[in-house]
Amino acid sequence: MKTIRLVYPQWQGGNIARWIPSIPAEDASRGYYLGSMLLNFLAPETENEIFNVPVATDISTRIEINGVLDRDIIREQTKAALDTLRIANPDKVVTLGGECSVSVPVFTYLADKYHGDVAIVWVDAHPDITLPGDDYNGFHAMALTACMGMGDEDIVGQLPARVSPADVCLAGLRECEYPYIEKRVSDLGLAHFSPVQLAVDSTPLMDWLKSNGKSKVMVHFDMDVMDPSDIIAAVADGPDGGLKLSEVVRVINDIAATKELVALTVAEPMPRLAIRLKKMLEQLPLIG
């Protein structure tokens, strides 16, 4: 079984600068890029091959097309990620992002490879099931709907497979943001568990995995699922009430002990301190 590490610093799916006023807007917008690099730096050394998805860093022009910010850039980078996966031909993928949409090409590639014998556990404070035309135009909030085959035709149309909503579970969900998103969770029939339901043990999620029946699982871990009172590692710094870091680790390890884990994505790191230090270094003499 071939496992690869995919470093995928895509940031264009986010439209998040307004939520981080302590950092210059352009640096905040591209913060996921630096976050991905730091995750790779901090991750344990691996004997697995490491692949890097090429991601543009130019921020001079950000254009919304058909309700998706930076749609054309995301489409091209999604294609680059799929091309990388087809060349590497992995059986399992660890993805270090980047915003949440980095899971889209990986999960649909593996869904195709395993002929649909896969379930998705989306460990996230949000369901990420918006669609073009909804109130928010960032593609990272459309990532899970894209995995299910819904969304912008130019992006979704190039994906190799789709995952049924019946094979998707939301873990740690605590914020739908809009009433129609909460209704969409219900309309799609998505299984979902709150941080409170998973705080003591992982039993509700393990029961769902058992009843679902798929032999393989793909886990998406958005760092904003964690309680800001325990650790601030994502864009959001409140409200409290998410999973503790130790609880997230336990949940993911319980999944891996129950089913064959074929994908793990770590997404949406927002390294506020590192960004500020980077800006400081840029202003000092002799360094650049």
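For the structure, check the block above.
Residues numbered from 1 in each chain as written. Predicted model: local features only at pLDDT ≥ 70, side-chain atom pairs only at ≥ 80, totals over all residues. Heavy atoms only, no water.

(A) Just the pattern of salt bridges, in detail. Applying the stated rule across the entire model yields 22 salt bridges. With its nearest N and O atoms 3.8 Å apart, the salt bridge here joins arginine 86 to aspartate 83. You can see arginine 86 and its partner aspartate 83 sitting in helix α3 (residues 71-88), three residues apart, about one turn around the helix. We classify arginine 86 as partly exposed; its relative accessible area is 47%. A salt bridge links glutamate 282 to lysine 278; the nearest nitrogen and oxygen atoms lie 2.7 Å apart. (Salt bridge = Lys/Arg side-chain N within 4 Å of Asp/Glu carboxyl O. Helix = DSSP H or I, 4+ residues; strand = E, 2+ residues; numbered from the N terminus. Buried < 20%, exposed > 50% of the residue type's maximum accessible area, 1.4 Å probe, protein only.)

(B) Quick peek at the layout of surface pockets. As a volume, the largest pocket reaches approximately 610 Å³. Trp19, His126, Glu177, Asp224 and Ala236 are, among the 30 residues lining the largest pocket, the residues nearest its centre. Class assignment for the residues of the lining of the largest pocket results in 16 nonpolar, four polar and ten charged. Its boundaries defined by the atoms lining it, the second largest pocket holds a volume of some 220 Å³. Taken together, Arg5, Leu39, Leu42, Ala43, Pro44, Glu45, Thr46, Val94, Leu96 and Val266 make up the lining of the second largest pocket. Secondary-structure elements contributing two or more residues to the lining of the second largest pocket are α2 (31-42) and β5 (92-97). (1 Å grid on protein atoms, 1.4 Å probe; cavity = no way out; pocket = protein on both sides within 12 Å on 5 of 7 lines; lining within 4 Å. Points joined across faces, edges and corners; volume = space filled by probe spheres on them. Nonpolar A, V, L, I, M, F, W, Y, C, P; charged D, E, K, R; others polar.)

(C) Highlighting the packing of α3 against helix α4 (residues 103-113). Where α3 contacts α4, the axes come no closer than 9 Å and their chain directions differ by 40 degrees. Between α3 and α4, the crossing angle belongs to the class labelled oblique. Considering the relative orientation of α3 and α4, their crossing is right-handed. Residues Thr78, Ala81, Leu82, Leu85 and Arg86 of α3 form the contact with α4, whose own contacting residues are Pro105, Val106 and Tyr109. A class-by-class count of the residues in the contact of α3 with α4 yields six nonpolar, one polar and one charged. (Axes fitted to C-alpha atoms, helices over the stretch in contact; angles between N-to-C directions. Parallel < 35°, antiparallel > 145°, perpendicular 65-115°, else oblique. Left-handed = near helix turned anticlockwise from the far one by under 90°. Contact = heavy atoms within 4.5 Å.)

(D) Geometry of the packing of aromatic side chains. Inspection of every chain in the model, using the stated rule, returns three aromatic pairs. Summarising the aromatic geometry, the rings of tryptophan 19 and tyrosine 136 are spaced 5.8 Å apart at their centres and angled 40 degrees between planes, so their arrangement reads as tilted. Of this pair, tryptophan 19 sits in the loop between β1 (3-8) and α1 (25-29) while tyrosine 136 sits in the loop between β6 (118-123) and α5 (143-147), and the two are 117 residues apart along the sequence. Overall, the relative accessible area of 42% leaves tryptophan 19 in the partly exposed class. When the centroid spacing of 5.3 Å and the interplanar angle of 10 degrees are considered together, the rings of tyrosine 178 and tyrosine 180 count as stacked. By relative accessible area, tyrosine 178 is classed as partly exposed at 29%. Classification of tyrosine 180 by relative accessible area gives partly exposed; the value is 28%. Its end group placed over the ring of tryptophan 19, arginine 18 keeps NZ or CZ at 4.3 Å from the ring centre. (Phe/Tyr/Trp six-rings, centres within 6.5 Å; stacked < 30°, edge-to-face > 60°. Lys NZ or Arg CZ within 6 Å of the ring centre and 35° of its normal.)

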